[in-house]
Amino acid sequence: MAKTIVKGAGILGAAALAAAALSSPAHAATTVVDWSSGTAYSGAAQASLLSPLTVSAGIAGTTTCTSVVLSGTVASAGALSMTGASIGGCSGIASGITPQNLPWAGSVTYGGAAPATGTISLSGFSIRATVLGVNCTYGIAGTMSAPGYNPDNASRPNPAAQAQVDLTGKVLPKTAGSFLCPGNATITSGVFALNGDAGGGSMTRVLGVTP
């Protein structure tokens, strides 16, 4: 079985998870699989941080969050829906970070720019945070896409044997808020693992994607 990538998704560091409208062409056939058995998987999905998420607001400063979890579902044909998000352990210029416009619909597709071999996409991603004492909203009006990596992809950004999605470098423009809000938030570090339900709500099933 040709194994190659996936993982799901994302969130700003003032936290929010999952960026910038960078689309990769989807291949016709995509199957999300239980990595250990190679069988198709559909069910609950969770994207969680593998290392702290850091977001920069330029000269205004940075925010680092140590706990970001997106929850939802994934279908074996690649359809993705994130219906919940929690963001915590944040320090820096942003506080009170909350997701907006849930659910975020998207997809997991096989194929992407090398060395990644998959793409994770989400639509309508948006988060609100208190930055420098004022409420600011950041997000992507269209589709945010990011490279994904299968658990055995030697180029995956984190050594953990997990399907991974890398949001590093994604830019989230300001969509609402005071003129005091920084104009953009850039994710300078943000790698997530995508897991499925191993039974009883234990989100430890390692996933991957195949053509």
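Provided above is the structure to which this section pertains.
An account of the accompanying structure is given in this report. Bear in mind the structure is a predicted one, so any value in this text is a computation, not a measurement.

Here we come to the state of the cysteines. Tallied over the entire structure, the rule returns 2 disulfides. C65 shares a disulfide with C90; S-S distance 2.0 Å. Between C65 and C90, the disulfide has an S-S torsion of 110° and is therefore right-handed. Taken together, the residues span a long stretch of sequence, with C65 in strand β4 (residues 62-74) and C90 in strand β5 (residues 79-92) at a distance of 25 residues. In the protein chain, the bonded cysteines, taken in the order they occur along the sequence, pair up as 1-2, 3-4.

With that out of the way, let us pick up the side chain of T119. Position of T119 relative to the elements: it lies in strand β8 (residues 118-123). Among the polar contacts made by the side chain of T119, one reaches the main-chain carbonyl oxygen of G111 at a distance of 3.1 Å.

Time to look at unusual backbone geometry. With an omega of 0°, the peptide bond between L102 and P103 qualifies as cis. In this structure, P103 sits in the loop between β6 (94-100) and β7 (104-110). The residue after A114, namely P115, is reached through a cis peptide bond having omega 10°. Residue placement: P115 occurs in the loop between β7 and β8.

Reading the values: the criteria
Residues numbered from 1 in each chain as written. Predicted model: local features only at pLDDT ≥ 70, side-chain atom pairs only at ≥ 80, totals over all residues. Heavy atoms only, no water. Disulfide = S-S within 2.5 Å. Helix = DSSP H or I, 4+ residues; strand = E, 2+ residues; numbered from the N terminus. Polar contact = N/O pair within 3.5 Å; in protein donor to acceptor, adjacent residues only side chain to side chain.

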